[in-house]
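# Understanding the architecture of this molecule
Listed here are the chains, written in short residue letters.
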Amino acid sequence: MKTPSQDPCLTDAARLALSDPSLDSARRRQLLALLGAAGVSAMLPLGRAHADAGKIVVCNWGGDAIKHQPTVWGKPFEKATGTKVEFDGTGPSFGKIRTMVESKNVVWDVCDANLAAAHSLGKRGYLEPIDYSIVDRGKVRPGFSSEYGVSHFIYSFVLAYDKKAFGDRVPRTWADFWNTRDFPGTRILPDRVLASLEAALMADGVPADAARIYPIDEKRALDKIAAIKEHAIFWKTGAESQQLLRQGEASMGLVWHTRATVMRREPGSTIDFTWNQGILIPAGWLVPKGNPAGRKVFDFIAATQSPESQIELLRLMGNGPANPAANALVPPELRKDNPTDDDNFRLQLVADATWHGENQDRIYNEYVKVITG
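This section reports on the structure supplied with the text. (Residues numbered from 1 in each chain as written. Predicted model: local features only at pLDDT ≥ 70, side-chain atom pairs only at ≥ 80, totals over all residues. Heavy atoms only, no water.)

## Description of the environment of G357
Quick reminder of the rule: Note on conventions: DSSP H or I runs of at least 4 residues are helices, E runs of at least 2 residues are strands, and numbering of each starts at the N terminus. Should any heavy atoms of two residues lie within 4.5 Å, those residues are counted as being in contact.
If you trace the backbone, G357 turns up in helix 15 (residues 353-372). For G357 and H119, which are 238 residues apart along the polypeptide, the C-alpha to C-alpha distance reads 5.1 Å. If we skip the residues at most four places from it in the chain, G357 touches A116, H119, S120 and K123.

Below, the structure is given as structure tokens:
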């Protein structure tokens, strides 16, 4: 059976599509990314010739990010520097980044991911080191930067729930989440390892203390997830997690706090969440090795460290500021949505990016067997 990159018809079709004179730069970059993920790019003589070093292309996960990051970070940088910033919302998956770098068809300059991804991809040679002569490490919380990644906002996995399903007594801990007798209904969990394992261990009685959670007891965590899977749906996207809770198909969920915040803010919403035992994740900028814009990407990353811009992202999306100087500037009405607010931060477990960077690819296969078996 031919692979996509061995199929001459597919390769010819790709060349034809890319030669279309009506194809603008943004669409060309997106097509290159999709072709790379399909294994076609290595067969195309495109390389860096089609990369525009005069632009910076940011890849994020779409949704609200593709709507708000250009406003908060892209346009101000363009105005200040004259360098155009384009955003691609197709998602910077491990596979896409690896394929781009290996085929020397890198079309993204900076990726919106997390520090676990930075560790995993960086040690394998797929990322450029962060240039800390330009990016200010002092504008990030201790431990929220690394050789290959630097945090630009903070998000958390939290326990969200539908108030109308429980009345006066609502779930507050992961032990409650696993307690289907006193808190009946379908639960939702992510179809990924990050946060799922930590929540399972806390549900099984392990204190929300990094020194007790890590290194993760994988068998204990997977056994606990197996015990609840008949009551659970495992969501693939943030939009899916929102839909399941909004439509009442689930009574509670392990979801991104940003999605839970959006739902809580909606008029007439019955969705709420607790910061208690949240799993806090430092999101991070990653720079694929051989990025077209070169070193100027670090000027863009440095610009996103502005505390004012990070507060604006908090207002629009609920993303927590990575720059600790921003917290003093957060208006009172936004504090309840901020994962790095002192009152919220102290209730949470900070995920160990190094452990996940070393282990989550391996354990993911075991996780899938548990949730689908």
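## Quick notes on the packing of aromatic side chains
Note the cut-off: Ring pairs shown here join Phe, Tyr and Trp side chains whose ring centres sit within 6.5 Å, with only the six-membered ring taken for Trp; geometry is labelled stacked below 30 degrees between planes, edge-to-face above 60, and tilted in between. For every residue, the accessible area (1.4 Å probe, protein chains only) is compared with the maximum for its type, and the residue is labelled buried under 20%, exposed over 50%, or partly exposed between those bounds.
Taken as a whole and judged by the stated rule, the model has 13 aromatic pairs. Each ring, one from F166 and one from F183, has its centre 5.7 Å from the other, and the planes form 65°; the classification is edge-to-face. One end of the pair, F166, is in the loop between strand 4 (150-162) and helix 6 (174-178); the other, F183, is in the loop between helix 6 and strand 5 (187-190), and 17 residues separate them in sequence. Just as F166 is buried, F183 falls in that class too.

## Side note on the nonpolar core
What counts is decided by this rule: Working definition of a nonpolar core: buried Ala, Val, Leu, Ile, Met, Phe, Trp, Tyr and Cys residues. They are joined through side-chain atoms within 4.5 Å. Where each domain starts and ends comes from a domain assignment, either automatic or drawn from a database.
Counting 83 residues, the largest nonpolar core has F157, W174, W178, L197 and I279 as its most contacted members. Both domain 1 (55-154 + 282-349) and domain 2 (155-280 + 356-372) contribute no fewer than three residues apiece to this core. In contact with F157, not counting residues within four places along its chain, are P190, L194, A195, W235, L254, V255, W256, G278, I279 and I281. Core analysis: the next-biggest nonpolar cluster, separate from the first, contains 18 residues, M100, V106, L127 and Y148 among them.

## Let's talk about the side chain of T261
Within the fold, T261 resides in helix 11 (residues 257-265). When its relative accessible area of 1% is taken as the criterion, T261 is described as buried. Ignoring any residue separated from it by four or fewer positions in sequence, one finds T261 in contact with F273 and D337.

## Considerations on the packing of helix 5 (residues 115-122) against helix 15
So the rule is basically this: Every angle, taken between N-to-C directions, lies between 0 and 180 degrees, and every axis is a line fitted to C-alpha atoms, over only the stretch in contact when it is a helix. Should an angle fall under 35 degrees it is taken as roughly parallel, and over 145 as roughly antiparallel, whereas 65 to 115 is taken as roughly perpendicular and any remaining angle as oblique. It is the rotation of the near helix from the far one that decides the hand of a crossing: anticlockwise by less than a right angle makes it left-handed, clockwise makes it right-handed.
In the contact formed by helix 5 and helix 15, the axes pass within 7 Å of each other and the chain directions differ by 60°. The angle between helix 5 and helix 15 falls in the class oblique. Taken as a pair, helix 5 and helix 15 cross one another with a handedness that is right-handed. From helix 5, L115, A116, H119 and S120 reach across to helix 15, where they touch A353, T354, H356, G357, E358, Q360 and D361.

## Considering empty space enclosed by the protein
Formally: Only protein atoms enter the 1 Å grid, on which a cavity is a set of points fitting a 1.4 Å probe that cannot get out and a pocket is an open set with protein on both sides within 12 Å along at least 5 of 7 lines, lining residues being those with an atom within 4 Å of a point. Grid points are joined across faces, edges and corners, and a volume is the space filled by probe spheres set on the points. Charged residues are taken to be Asp, Glu, Lys and Arg, nonpolar residues to be Ala, Val, Leu, Ile, Met, Phe, Trp, Tyr, Cys and Pro, and polar residues to be all remaining types, Gly included.
For the coordinates displayed, the defined rule picks out two cavities of 30 Å³ or more. Put simply, the largest cavity is a space of about 50 Å³. Listed by contribution, the elements that provide at least two residues to the lining of the largest cavity are helix 5, strand 8 (271-286) and helix 15. Among the residues making up the lining of the largest cavity, the classes are represented as seven nonpolar, two polar and one charged.

## What about the layout of surface pockets?
The volume enclosed by the largest pocket comes to roughly 1200 Å³. Lining the largest pocket are 34 residues; nearest its centre among them are W61, N114, Y155, R192 and W256. A breakdown of the residues in the lining of the largest pocket according to their chemical character gives 15 nonpolar, 11 polar and eight charged. Lining the lining of the largest pocket are residues from two domains, each supplying at least three of them: domain 1 (55-154 + 282-349) and domain 2 (155-280 + 356-372).

## Thoughts on the pattern of salt bridges
Note the threshold: One speaks of a salt bridge when a side-chain nitrogen belonging to Lys or Arg is within 4 Å of a carboxyl oxygen belonging to Asp or Glu.
What the rule picks out here adds up to 20 salt bridges. The closest approach of N and O atoms between D191 and R192, which form a salt bridge, is 3.4 Å. On the basis of relative accessible area, D191 is assigned to the buried category, the value being 15%. On the accessibility criterion, R192 (24% relative accessible area) is partly exposed.

## Some thoughts on the packing of helix 7 (residues 196-203) against helix 9 (residues 218-228)
As a packed pair, helix 7 and helix 9 sit with axes 8 Å apart at the nearest point and diverge in direction by 85°. Here helix 7 lies roughly perpendicular to helix 9, going by the angle between them. Across the interface between the two elements, S196, L197, A200, L201 and A203 from helix 7 touch R220, A221, L222, K224 and I225 from helix 9.

## With respect to unusual backbone geometry
The linkage connecting Y214 with the following residue, P215, adopts the cis geometry, with an omega of -5°. By secondary structure assignment, the location of P215 is in the loop between helix 8 (210-213) and helix 9. Residues other than glycine seldom take positive phi values, yet A195 does so here, at roughly 85°. The exposure class of A195 is buried, given its relative accessible area of 0%.

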